[in-house]
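# Observations on the three-dimensional arrangement
Spelled out, the chains give:
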Amino acid sequence: MDKLHHHQQQQQQLSLPKCSRQRCNEWIFRDVPSDITIEVNGGTFALHKFPLVSRSGRIRKLVAEHRDADISRVELLNLPGGAEPFELAAKFCYGINFEITSANVAQLCCVSDYLEMNEEFSKDNLGSRAEEYLESIVCKNLEMCVEVLQQCENLLPLADELKIVSRCIDSIASKACAEQIASSFSRLEYSSSGRLHMNKQAKCEGDWWIEDLSVLRIDLYQRVMTAMKCRGVRPESIGASLVNYAQKELTKKSSLWNPSSQTKIDLISTGHERLVVETIVNLLPVEKLAVPISFLFGLLRSAVMLDCTIACRLDLERRIGSQLDIATIDDLLIPSFRHAGDTLFDVDTVHRILVNFSQQDDSEDDMEDASVFESDSPRSPSQTALFKVSKLADNYLAEIAPDANLKLSKFMVIAETLPAHARTIHDGLYRAIDIYLKAHQGLSDSDRKKLCKLIDFQKLSQEAGAHAAQNERLPLQAIVQVLYFEQIRLRNSLCCSYGDEDHKPMHQSWRISSGALSAAMSPRDNYASLRRENRELKLELARLRMRLNDLEKEHVCMKRDMQKSHSRKFMSSFSKKIGKLSFFGHSSSRGSSSPSKHSHRTDSRVIERTCASTD
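Report on the accompanying structure. What you see is a predicted model; the values in this text were computed from it and never measured. Residue positions are given per chain, counted from 1 along the sequence in the order it is written. Where totals are concerned, whole chains, interfaces and linings use all residues; where local detail is concerned, this predicted model gives features only for residues with pLDDT of at least 70, and gives and counts side-chain atom pairs only at 80 or more. By convention in this description, side-chain values take in all heavy atoms of the structure and omit both hydrogens and water.

### Some words on the environment of A466
By secondary structure assignment, the location of A466 is in helix 23 (residues 462–469). Using a 1.4 Å probe on the protein chains alone, a residue whose accessible area is under 20% of its type maximum counts as buried, one over 50% counts as exposed, and one in between counts as partly exposed. Taking the relative accessible area as the measure of exposure, A466 reaches 40% and is therefore partly exposed. Secondary structure follows DSSP: runs of H or I at least 4 residues long count as helices, runs of E at least 2 residues long count as strands, and numbering of each begins at the N terminus.

See below:
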């Protein structure tokens, strides 16, 4: 009978994996045959009842329930962590010493809870030992907390119920916040004037944890970042961590990110990447410039490619629109992933970004305090941003214009999104329209006229105007307008060629004094323009006074010479010379020294009659 029992024991041990069997042989009693077999997730342990029931309340209850049947085999279903933590728990029951570390403490907490190895059944049990190590050792060290969180990925939801996850997350957030505070104090220094200030150029050493957190699974990483935000960790540090995490998770080997790969798209990998993108977008700090705008565009491309939620994409478009003035043309060139037969680039997304920028700019203008009008700067920051974005939009139009599938309506909606005062020069818009006309030669005359109405030919430079005047792709109406404004430009140049070379052309002065430019500006920029014009007029008046003094001196000298020579011919030439001079730099042949509102209306009527005749 003993031989049969011993043979069964050998058979049971043979069913163990080799490594587990070797470990068991080191600490299981060899001279006492086992009387209970524990099955854990495919692993089999030949053990003894007495050591187990003395520490584990769960096994004690199972044995007590089957006392009459003399239970010899127990299967522990869904034991957290599997066979490895159970082996450690069994060692503890046998009194075998082993080391509790950050790599096994989470498993020991969970398995001790499952096996009910608490103080109720035995003093100084495994549960209390693991809890003590977690509180006194792990929670005081950030790297160990991260390692424990990694172990908890396979122990959920029990690890959450035991508050292992929340304690580690709170510890990480508090440690990171304390590190940043200490780092901020280390960067304080006194300036030459004796004032205490923060040295922004000094390297911040408080963000070393960024690399450590990148190993966490996305759900736990999200909870850590949320806790850090609540603790007050700097937005720049949160942003740097998000960039680092995204670069690691979204550049792993996947057929989606490797177009050259011949394998089919891994739907599981795609789902994981979609979750990463959406989670990172939700975690983005609200502060501007917390992450590079190129990173936001990268997330937007990924969101479009992975078909993320509409809310995710709209959030990214709104964030990009709020700082579009620092973007580059390469950022805007978002490929059209979803529609193979459509345009090469995603024009609709760029249009929504431009709309977000325009709306954000208007709302910020309305909220500005009136005191900003007192600034003597030539342009307000928002106006400068408008000019940058208008140039960016014109370059974008030039890039997408050669696309044969680009419809006229999509091209025009991009060109018309920004307000009229955003473009001070229309050279970029003219260039983009010319490229579109060249690539779409089948456009009807009405479409070409509609397209060219976007250009303000008054705002073309001399070189662009000369090119437009000879451009056969433009409709006749546009060429007539170009020639008319070039004629005005030439006349102004001739009128201003004599005298002070610093005088502005008459046509430019007419545009400012007529209010055409200022009316298109926002109130803040209109006020700055008026202040600038007032300073220019004061300088002009000073120049005129100096010139008047010079003319008076010249008149005295000429009169003295005339009295000596008594020459009528000299007197006649002097009178003609005086008659040609004009203090305002304009021809006075029509009895007007400066352009009036009447002349402005007359010029407008000439343009209207010319345009009407060409239609």
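### Focus: the sheet that holds strand 1 (residues 36–40)
Sheet architecture is open: three strands sit in the order 2-1-3, paired in mixed fashion. Each edge of the open sheet carries a strand with a single partner, namely strand 2 (43–47) and strand 3 (73–76). Mean inter-strand twist for the sheet, computed between neighbouring axes without regard to direction, equals 20 degrees. Any two strands between which DSSP finds at least two bridges are classified as paired. Two strands pair when backbone bridges link them, and strand 1 and strand 2 are joined in this way by five bridges, in the antiparallel orientation. Looking at the pairing, I36 lines up with L47 of strand 2. Only the stretch in contact is used when fitting a helix axis, every axis being a line fitted to C-alpha atoms; angles between N-to-C directions are given from 0 to 180 degrees.

### As for the environment of V53
As for its placement among the helices and strands, V53 is situated in helix 3 (residues 49–55). Remark: the alpha-carbon pair of V53 and F121, spanning 68 residues in sequence, is separated by 8.9 Å. Contacts were defined at the residue level, with two residues in contact if any of their heavy atoms lie within 4.5 Å. Sequence-distant contacts of V53, that is, excluding residues within four places in its chain, are made with I59, R60 and V63.

### Observations regarding the environment of R352
Summarising the element assignment, R352 is placed in helix 18 (residues 347–367). If we skip the residues at most four places from it in the chain, R352 touches L314 and E317.

### Overview of the packing of helix 20 (residues 408–416) against helix 21 (residues 427–439)
Packed helix pairs are characterised by how far apart their axes lie and by the angle those axes make with each other. With their axes 12 Å apart at the nearest point, helix 20 and helix 21 run at an angle of 175 degrees to one another. Between helix 20 and helix 21, the interaxial angle falls into the category roughly antiparallel. Seen from helix 20, the contacting residues are L408, F411 and A415; seen from helix 21, they are L429, A432, I433 and Y436. In this count, Pro and Cys sit with the nonpolar residues alongside Ala, Val, Leu, Ile, Met, Phe, Trp and Tyr, while Asp, Glu, Lys and Arg are called charged and the others, Gly among them, polar. Residues of the contact of helix 20 with helix 21, tallied by class, amount to seven nonpolar, no polar and no charged. In this scheme, roughly parallel covers angles under 35 degrees and roughly antiparallel covers those over 145, while 65 to 115 is roughly perpendicular and the rest are oblique.

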